[in-house]
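Next come the chains, spelled out residue by residue.
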Amino acid sequence: MAVPSGRPDTAPVAPSGRRDAGATRAAILRAARHLLARHAHADITLRSVAERAGVSPPLILKYFGSKDALFAQVMSFEADATALLDAPLDALGAHMVRHVLVSQSEHGADPLLRVVFAPLHREHGDVLRANFRTQVAARLAARLPGPDAGLRAELAVGMLLGLGVMYGIVSGTRLRAAGLDAITDRYAPAVQAHLTRWPGGGPVRDIP
């Protein structure tokens, strides 16, 4: 499913009714992400999240306890980073590229792109940026052999953000028309180069 309106996290929310706890939590988090990409944190109400998710505000409190607790999860990249980095190092570039594309095209969500909207959120934007640096870039850097691992990790992640912007926000017509395999085949080698190649580099090995 394509991301409508050129924005991440805009998958239609299932109609309200009976659903399991996991689906309800996911719908609430998806709705909160959607709103966080469009409005300042201070302007987002539990009611607006509830309307977007197709639930009642008390149900959000039941699952998350408070607005602050809900958005603490929305501003965390821990779970996203776990899925993004779930591949051997020699195949990680392709995995990360495909994960970004599949997340947007099939699930209406981008694992990283909400950090782009950090300037909307003042001090909460600082939290988004700090979480992104430590939970995504630094976590990737910890897996990389060779020199300048932090720089190479940030360059690789920057390429993923650029792909996400062009695919999900700009909705590049040729990019959208290309198949995911074709995009991955073209884009992943450049991402992989930052992970496992450097001047004078030795054999690649994964870092547990």
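As the structure is a prediction and not an experimental result, all values here were calculated from the model. (Residues numbered from 1 in each chain as written. Predicted model: local features only at pLDDT ≥ 70, side-chain atom pairs only at ≥ 80, totals over all residues. Heavy atoms only, no water.)

Moving on, we come to the overall build of the protein chain. Broken down by element type, the protein chain carries 10 helices and 0 strands. Helices (α) and strands (β) of the protein chain occur, in sequence order from the N terminus, as α-α-α-α-α-α-α-α-α-α. A burial count over the protein chain gives 45% of its 208 residues as buried. Within the protein chain, residue pairs in contact and separated by at least 24 positions form 70% of the contacts whose partners lie at least 6 positions apart. Accessible surface, the protein chain as shown: approximately 10,100 Å² in total, 58% of it carbon and sulfur. (Helix = DSSP H or I, 4+ residues; strand = E, 2+ residues; numbered from the N terminus. Buried < 20%, exposed > 50% of the residue type's maximum accessible area, 1.4 Å probe, protein only. Contact = heavy atoms within 4.5 Å. Areas by Shrake-Rupley, 256 points an atom, 1.4 Å probe, with all protein chains shown as cover.)

Right, let's talk about helix α8 (residues 149–169) for a bit. Its 21 residues give α8 an end-to-end C-alpha distance of 29 Å, which sits within 8% of 30 Å, the value for a rise of 1.5 Å per residue. Within the span of α8, buried status applies to Ala149, Arg152, Ala153, Ala156, Val157, Met159, Leu160, Leu161, Leu163, Gly164, Tyr167 and Gly168. Structurally, α8 contributes buried residues whose contacts are with α5 (78–84), α6 (92–107), α7 (123–141), α9 (173–177) and α10 (180–196). Just past α8, the residue Ser171 takes up positive phi, approximately 55°. (Expected span 1.5 Å × (residues − 1).)

Of all residues in the protein chain, 87% attain a pLDDT of 70 or more, and the chain-wide mean is 86. The spread of mean pLDDT over the elements of the protein chain runs between helix α1 (residues 21–36), the lowest at 87, and α10, the highest at 96. Note that pLDDT drops below 50 for residues 1–8; the model gives that stretch 28 contacts with residues more than four away or on any other chain. Per-residue pLDDT stays below 50 along residues 10–17; that stretch engages in 22 contacts with residues further than four places along the chain or on separate chains. (pLDDT = per-residue confidence, 0-100.)

Before going further, it helps to spend a moment on the packing of aromatic side chains. Given two aromatic rings, one states the distance between the centres and the angle between the planes to describe the pair. For the structure shown, the criterion picks out 1 aromatic pair. With a centroid separation of 5.2 Å and an interplanar angle of 85°, the aromatic rings of Phe77 and Phe132 are classed as edge-to-face. With a gap of 55 residues between them, Phe77 in the loop between α4 (67–74) and α5 and Phe132 in helix α7 connect regions that are remote in the sequence. The ring centre of Phe77 lies 4.2 Å from the NZ or CZ of Arg114, which sits over that ring. (Phe/Tyr/Trp six-rings, centres within 6.5 Å; stacked < 30°, edge-to-face > 60°. Lys NZ or Arg CZ within 6 Å of the ring centre and 35° of its normal.)

Ranked by internal contacts, the top residues of the largest apolar core, which has 54 residues, are Val49, Ile60, Leu70, Met96 and Leu140. A total of 9 residues in this core trace back to one element, the largest contributor, which is α8. Sequence-distant contacts of Ile60, that is, excluding residues within four places in its chain, are made with Ile28, Leu46, Val49, Ala50, Val55, Gly65 and Leu70. (Core = buried A, V, L, I, M, F, W, Y, C linked by side-chain atoms within 4.5 Å.)

A few words on the packing of α8 against α10. Two elements in contact, α8 and α10, have axes whose closest approach is 7 Å; the angle formed by their N-to-C orientations is 160°. It follows that α8 is roughly antiparallel to α10 by the angle criterion. Judged by the sense of rotation from one axis to the other, the crossing of α8 with α10 is right-handed. Of α10, the residues touching α8 (which contributes Arg152, Leu155, Ala156, Met159, Leu163 and Tyr167) are Leu180, Ile183, Tyr187, Ala190, Val191, His194, Leu195 and Thr196. Residue composition of the contact of α8 with α10, grouped by class: 11 nonpolar, 2 polar and 1 charged. (Axes fitted to C-alpha atoms, helices over the stretch in contact; angles between N-to-C directions. Parallel < 35°, antiparallel > 145°, perpendicular 65-115°, else oblique. Left-handed = near helix turned anticlockwise from the far one by under 90°. Nonpolar A, V, L, I, M, F, W, Y, C, P; charged D, E, K, R; others polar.)

With that out of the way, let us pick up helix α2 (residues 46–53). Those residues of α2 that sit buried are Leu46, Val49, Ala50 and Ala53. For α2, the angular spread of the buried residues around the axis is 100°, confining them to a single face. Seen from the buried face of α2, the exposed residues on the opposite side, beyond 90 degrees, are Arg47 and Glu51. Its buried side turned inward, α2 meets α1, α3 (57–64) and α4. One or two steps after α2, the chain reaches Gly54, where phi turns positive at roughly 75°. (Arc of directions from axis to C-beta.)

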